[in-house]
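# Structure at a glance
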Amino acid sequence: MSDFVFLYPAAFLLFWLLPLMGIAVVLFIGHRNRVRNLYGLPPRSFRCRAVSAAETVCLSVTLVLSIMALSGPAWEKKRQPVEAEGRDVVFLVDVSQSMLARDLNPNRLIQAQTAIKDTVDLLEGDRAALVAFAGSAVVMSPLTTDYRFLRSAVDELSVNSVDRGGTLLGDALRKTMQFIFPDSEASDGYRDIILITDGEDQGSFPVQAAEEAGRKGVRLICIGLGDENTGTRVPVTDPSGTERFLMYRGKEVWSRLDSETLRRMAAATPGGKYVNISRGSFDLASIYRDLIGGAQQRRFDAGDYEDYRNEYRLFLFPALVAAFAALFLRRFG
């Protein structure tokens, strides 16, 4: 059985008119009686006679049914599949501690978050997903056209999004292919992964992972953040709230961009692209518009559309009958 719904439930607030109407009738009758008693007038001296019980019932029914009609009574007629055109895009974001480096203001990770949200504002039909990674990878959002949910997932990105430190680029890419693109068996050319990272890897064979993605028709756009020459220290906050720089074996850690690995990863996929962002800010929205926004699109199932039909007539017609009945009683009753 179809679900019965009201399209405009705020109309039910009008039911407050019922007690107000009753109060108005009582006040009117009381005022009329006081005036008649004050001047000693007979009842028929009033041209306006009292409202009969039958008229009151008809007027009340008219009001109730009219409010029901205004509330938009409806039921689900059917579900219709909806198709959309676009591409599948995954934002694969490094959330390791090195992304806290401040060579990009205020740091690499916040720059990445801002850039992704700016890009989401450009999405028109593309399905997008978000994956965070460091020593492991977590799907923060599956492929979706619910861009509000996607933006909220981006806001939640932090170095605590994954439970394992380090940076394993290859494993992150393999997990993305496994969970986001599990059906990628042929080169369809409609899928992109935007990898945002400083490129540092700890032996996870990222180029081989990129080659496998490329064989399945997935394009890789690598955004390398940070300085590839001198590098940058990584600020961290200890339990006491004091800020210091990340240390490893008694030495300060300097995070350097591994651009060579990212270039090789991008080159391993069809149409892959590498972009180096060493300082300042970067415009991922423009990169998306140039490389993805105008690329070939495909049709895909965007879910079901619930088709509701407003059946206000079921209440409006009886309301009109009750109103005419009240007029008839007023005239001939």
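Structure: see above.
As the structure is a prediction and not an experimental result, all values here were calculated from the model. (Residues numbered from 1 in each chain as written. Predicted model: local features only at pLDDT ≥ 70, side-chain atom pairs only at ≥ 80, totals over all residues. Heavy atoms only, no water.)

This part takes up the pairing of strand β5 (residues 137–144). Where strand β4 (residues 127–133) lies against β5, five bridges are found, and the strand directions are antiparallel. Paired with F133 across the two strands is A137, which belongs to β5. Adjacent in sequence and paired antiparallel, β4 and β5 are bridged by three residues. (Pairing = 2+ DSSP bridges. Helix = DSSP H or I, 4+ residues; strand = E, 2+ residues; numbered from the N terminus.)

Between side chains of opposite charge, pairing is possible as soon as their charged atoms come close. Applying the stated criterion across every chain yields a total of 12 salt bridges. Where D88 meets R191, a salt bridge forms, and the shortest distance between an N and an O atom there is 3.8 Å. Of the two residues, D88 is situated in strand β3 (residues 88–94) and R191 in strand β6 (residues 191–197); the sequence distance between them amounts to 103 residues. With respect to burial, D88 and R191 carry one shared label: buried. As a salt-bridge pair, E212 and R215 come within 2.6 Å of each other at their nearest N and O atoms. Of this pair, E212 and R215 both sit in helix α6 (residues 206–215), three residues apart, which is roughly one turn of that helix. Using a relative accessible area of 55% as the deciding quantity, one classes R215 as exposed. Each of the salt bridges in this network shares a partner with another, and the network as a whole consists of R87, D192 and R219. (Salt bridge = Lys/Arg side-chain N within 4 Å of Asp/Glu carboxyl O. Buried < 20%, exposed > 50% of the residue type's maximum accessible area, 1.4 Å probe, protein only.)

Right, let's talk about the packing of helix α5 (residues 169–179) against α6 for a bit. For the pair α5 and α6, interaxial distance at closest approach is 7 Å and the crossing angle is 20 degrees. It follows that α5 is roughly parallel to α6 by the angle criterion. As for how α5 packs across α6, the hand of that crossing is left-handed. Contacts between α5 and α6 involve L169, G170, L173, R174 and M177 on the former and, on the latter, P206, A209, A210 and A213. Taken together, the residues of the contact of α5 with α6 sort by class into seven nonpolar, one polar and one charged. (Axes fitted to C-alpha atoms, helices over the stretch in contact; angles between N-to-C directions. Parallel < 35°, antiparallel > 145°, perpendicular 65-115°, else oblique. Left-handed = near helix turned anticlockwise from the far one by under 90°. Contact = heavy atoms within 4.5 Å. Nonpolar A, V, L, I, M, F, W, Y, C, P; charged D, E, K, R; others polar.)

The full count for this structure, using the stated rule, is two aromatic pairs. Their ring planes at 80 degrees and their centres at 5.0 Å tell us that F6 and F12 sit as a pair that is edge-to-face. We classify F12 as partly exposed; its relative accessible area is 27%. Each ring, one from F12 and one from F15, has its centre 5.9 Å from the other, and the planes form 10 degrees; the classification is stacked. For F15, a relative accessible area of 25% translates into the label partly exposed. Taking NZ or CZ as reference, R233 lies 3.8 Å from the ring centre of F245, over its face. (Phe/Tyr/Trp six-rings, centres within 6.5 Å; stacked < 30°, edge-to-face > 60°. Lys NZ or Arg CZ within 6 Å of the ring centre and 35° of its normal.)

Those residues of α6 that sit buried are P206, V207, A209, A210, A213 and G214. Taken end-on, α6 shows its buried residues confined to a sector of 160 degrees, consistent with a single buried face. At the C-terminal side of α6, G217 shows a positive phi close to 80 degrees. (Arc of directions from axis to C-beta.)

With that out of the way, let us pick up the nonpolar core. By size, the foremost hydrophobic cluster in this structure holds 33 residues, and its most contacted members are F91, I116, L130, I223 and L284. At the level of elements, β3, α3 (108–120), β4, α4 (147–155), β6, β7 (218–225), β14 (273–277) and α8 (284–293) are the ones that each hand at least two residues to this core. Per-element accounting of this core gives the leading share, five residues, to α3. What I116 contacts, discounting residues up to four positions off in sequence, is F91, V93, L130, V154, I196 and L284. Within the second largest apolar cluster, 26 residues are counted, among which are M177, I180, A210 and A266. (Core = buried A, V, L, I, M, F, W, Y, C linked by side-chain atoms within 4.5 Å.)

A surface patch of nonpolar side chains, amounting to about 860 Å² of accessible area, comprises L13, L14, W16, L17, L20, I23, L27 and L70. With four residues, the single largest contributor to the nonpolar patch is helix α1 (residues 17–39). Residue position: L17 is located in helix α1. (Patch = residues over 30% accessible without salt bridge, like charges linked within 9 Å, V, L, I, M, F, W, Y side chains within 5 Å. Areas by Shrake-Rupley, 256 points an atom, 1.4 Å probe, with all protein chains shown as cover.)

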